[in-house]
Amino acid sequence: MNYDEVLKAARACIGDSCKVCNICNGAGCRNRIPGPGAKGVGDTAVRNYQKWQEIRVNMDTLHENAPVDTSLTLFGKKFRYPFFAGPVGAVNMHYSDKYDDLAYNNVLVDACAKAGIAAFTGDGMNPKIMEHASSAIAAAEGMGVPTIKPWNLQTVQEKMELVKKAGAFAIAMDVDAAGLPFLKNFVPPAGSKTVDELREIVKMAGVPFIVKGVMTAKGALKAEEAGAAAVIVSNHGGRVLDQCPATAEVLPGIVEAVGGRMKVLVDGGIRSGVDIFKALAMGADGVLVARPFVTAVYGGGSEGVQCYVEKLGAELADTMAMCGASALSGISKDMIWKS
């Protein structure tokens, strides 16, 4: 199965809200919710993609012709590539009922683990979503990251006890989900967290804790103060607030603020191995890709995920070779160009 076949198969079953565009750039779905779009006009998702395209790579083939090593070690786990599948929730509502969250996570977690990477799993109002995601991660010997919504502390504790049994190598919270309507209406209240509240959640985890949804250096420093091991520079795929800057625009400042002391990952509009290379050259330790993995699952199940992982990995390895980096540690700022 090749990637064009994955796209074709996905278009036949993914529903009307997602257009399964050849390049998932946010333009075709913009403000479609339910669907993969965003609140408002959806300009943030489009900007995420566009800003990565404005960065170019500097070709340099005057170097040793050495094999390329794309592997990444994160929190004691070695991965074949420095990218991960991002968390997606309510797939049956936003895409189609070919999959529900339980079936989707079962396919995604297993397929990603077999491909040498890890999947971040989503969360939702149905408690069985986290239960089944945790089971999938346990079956994959901890090769997954359960991502908990910023519920009230009692609910977070209940979810934490469940996901800890999965043996996941890390646990995340997508704090940017505070902008989702169902969280705002949750009783007791859920949403944004103080540093003290976040510190309590970090202690509950007992494994490296990742704060997803950081868009400022100030926010990254707050996550560090709370004891988080990593941040994900993310605006929730542009879904929760219009007129945010793109993740590519704020990544350098966040790396400057906490890089070296915390791991810094990034998502938002990253759609190729070349984009992944750009993010690493800007100082990110790793990358998340979310929406295209939905297409991969709907279009080919486990085989579709394997196909997409191989596509991204091959593009990354080729870019590294053509820019003079034989390992991730060799990727540097001077390998990219910005006007």
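Here the structure is shown first, and the text comes after it.
Residues numbered from 1 in each chain as written. Predicted model: local features only at pLDDT ≥ 70, side-chain atom pairs only at ≥ 80, totals over all residues. Heavy atoms only, no water.

**Here's the deal with the pairing of strand β11 (residues 286–289)**
Inclusion rule: Categorising residues by exposure relies on relative accessible area from a 1.4 Å probe, with only protein chains included: less than 20% of the type maximum marks a residue as buried, more than 50% marks it as exposed, and the intermediate range marks it as partly exposed. Helix and strand definitions here come from DSSP, where helices need a minimum of 4 consecutive H or I residues and strands a minimum of 2 consecutive E residues; each element is numbered from the N-terminal end. Strands are treated as partners if at least two bridges between them are detected by DSSP.
Burial along β11 is two-sided: Gly-286 and Leu-288 facing one way and Val-287 and Val-289 facing the other are all buried. Bridging between strand β4 (residues 83–85) and β11 involves 3 bridges; their strand directions are parallel. Bridge pairing links Phe-84 to Leu-288 in β11. For strand β10 (residues 263–266) and β11, the ladder comprises 2 bridges, and the chain directions are parallel. Directly across from Val-266, in β11, lies its bridge partner Val-287.

**What about the pairing of strand β8 (residues 209–214)?**
Cut-off, in case you're wondering: Crossover handedness is defined by viewing with both strands directed away from the observer: a clockwise path from the first strand over the helix to the second marks the crossover as right-handed.
With 6 of 6 residues buried, β8 lies mostly within the body of the structure. Taken together, the 4 bridges between strand β7 (residues 171–174) and β8 define a ladder with parallel strand orientation. Within β8, the position partnered with Ile-171 by the bridge is Phe-209. Bridge count between β8 and strand β9 (residues 230–233): 4 bridges; the pairing is parallel. Note that in β9 the partner of Val-214 across the bridge is Val-233. Taken together, β8, helix α9 (residues 217–225) and β9 constitute a β-α-β crossover, and its handedness is right-handed.

**As for the environment of Leu-153**
Spelled out, the test is: Residues count as neighbours in contact if any of their non-hydrogen atoms are within 4.5 Å of one another.
Along the chain, Leu-153 turns up in helix α6 (residues 153–164). Ignoring anything within four residues of it in the chain, the contact list for Leu-153 reads Glu-197, Glu-200, Ile-201 and Met-204.

**A look at the packing of aromatic side chains**
In plain terms, the rule: Between 30 and 60 degrees the pair is tilted, below 30 it is stacked and above 60 it is edge-to-face, where a pair is any two Phe, Tyr or Trp rings, Trp via its six-membered ring, whose centres lie within 6.5 Å.
Scanning the model with the defined rule gives 9 aromatic pairs in all. Taken together, a centroid distance of 6.2 Å and an interplanar angle of 40° make the contact between Tyr-95 and Tyr-298 tilted. Taken together, the positions of Tyr-95 in the loop between α3 (91–94) and α4 (101–115) and Tyr-298 in helix α12 (residues 291–323) put the pair 203 residues apart, joining distant regions of the chain. Judged by its relative accessible area of 0%, Tyr-298 falls in the buried class. Here the aromatic rings of Tyr-99 and Tyr-298 are separated by 5.0 Å at their centres, their planes lie at 70°, and the arrangement is edge-to-face. Taken together, the positions of Tyr-99 in the loop between α3 and α4 and Tyr-298 in helix α12 put the pair 199 residues apart, joining distant regions of the chain. Accessibility assignment for this pair places Tyr-99 and Tyr-298 in one class, buried. Aromatic rings pair up to connect Phe-79, Phe-84, Phe-120 and Phe-169 into one cluster.

**Some thoughts on the layout of surface pockets**
We count it as follows: Space inside and on the surface of the protein is sampled on a 1 Å grid over the protein atoms alone, with a cavity defined as a set of points where a 1.4 Å probe fits but cannot get out and a pocket as an open set with protein on both sides within 12 Å along at least 5 of 7 lines; lining residues have an atom within 4 Å of a point. Grid points are joined across faces, edges and corners, and a volume is the space filled by probe spheres set on the points. Polar here means any residue outside two lists: the nonpolar Ala, Val, Leu, Ile, Met, Phe, Trp, Tyr, Cys and Pro, and the charged Asp, Glu, Lys and Arg; Gly therefore counts as polar.
Estimated volume of the largest pocket: approximately 750 Å³. Around the largest pocket sit 40 residues that line it, and Val-88, Gly-89, His-94, His-236 and Arg-239 are the ones nearest its centre. Those elements that provide at least two residues to the lining of the largest pocket are α3, α4, α7 (181–184) and β11. Ranked by the residues each element gives to the lining of the largest pocket, the list is headed by α3, at 3 residues. Tallied by class, the residues present in the lining of the largest pocket amount to 17 nonpolar, 12 polar and 11 charged. By volume, the second largest pocket amounts to about 640 Å³. Forming the walls of the second largest pocket are 24 residues, and the residues nearest its centre are Val-175, Asp-176, Gly-213, Val-214 and Met-215.

**Section: the pattern of salt bridges**
Keep this limit in mind: Salt bridges, as used here, are contacts in which a Lys or Arg side-chain nitrogen is within 4 Å of a carboxyl oxygen on Asp or Glu.
Counted by the stated rule, this structure contains 13 salt bridges. Between Lys-114 and Asp-110 there is a salt bridge; the shortest N-O distance is 3.1 Å. On the criterion of helical spacing, the pair formed by Lys-114 and Asp-110 is a turn pair, its members being 4 residues apart in helix α4. Here Arg-199 ties to Glu-225 by a salt bridge, and the two come within 3.8 Å at their closest N and O atoms. Pair noted here: Arg-199 is in helix α8 (residues 195–205) and Glu-225 is in helix α9, with a separation of 26 residues, a long-range link. A cluster of three or more residues bridged by salt bridges with shared partners is formed by Asp-196, Arg-199 and Glu-225.

**What about the packing of helix α11 (residues 273–281) against α12?**
Counted only if it meets this: Geometry is summarised by axes, namely lines fitted to C-alpha atoms with helices restricted to the contacting stretch, and by angles between N-to-C directions that run from 0 to 180 degrees. Reported orientations rely on four angle classes, namely roughly parallel under 35 degrees, roughly antiparallel over 145, roughly perpendicular from 65 to 115, and oblique for the rest. Note on convention: the crossing is left-handed when the near helix lies turned anticlockwise from the far helix by less than a right angle, right-handed when the turn is clockwise.
The N-to-C vectors of α11 and α12 enclose an angle of 55°; their axes lie 7 Å apart at closest approach. In terms of orientation, α11 lies oblique with respect to α12. Two packed elements cross with a definite hand, and for α11 against α12 that hand is right-handed. In this structure, α11 contributes Gly-273, Val-274, Ile-276 and Phe-277 to the contact, and α12 contributes Leu-312, Glu-315, Leu-316, Thr-319, Met-320 and Cys-323. The residue makeup of the contact of α11 with α12, split by class, is 7 nonpolar, 2 polar and 1 charged.

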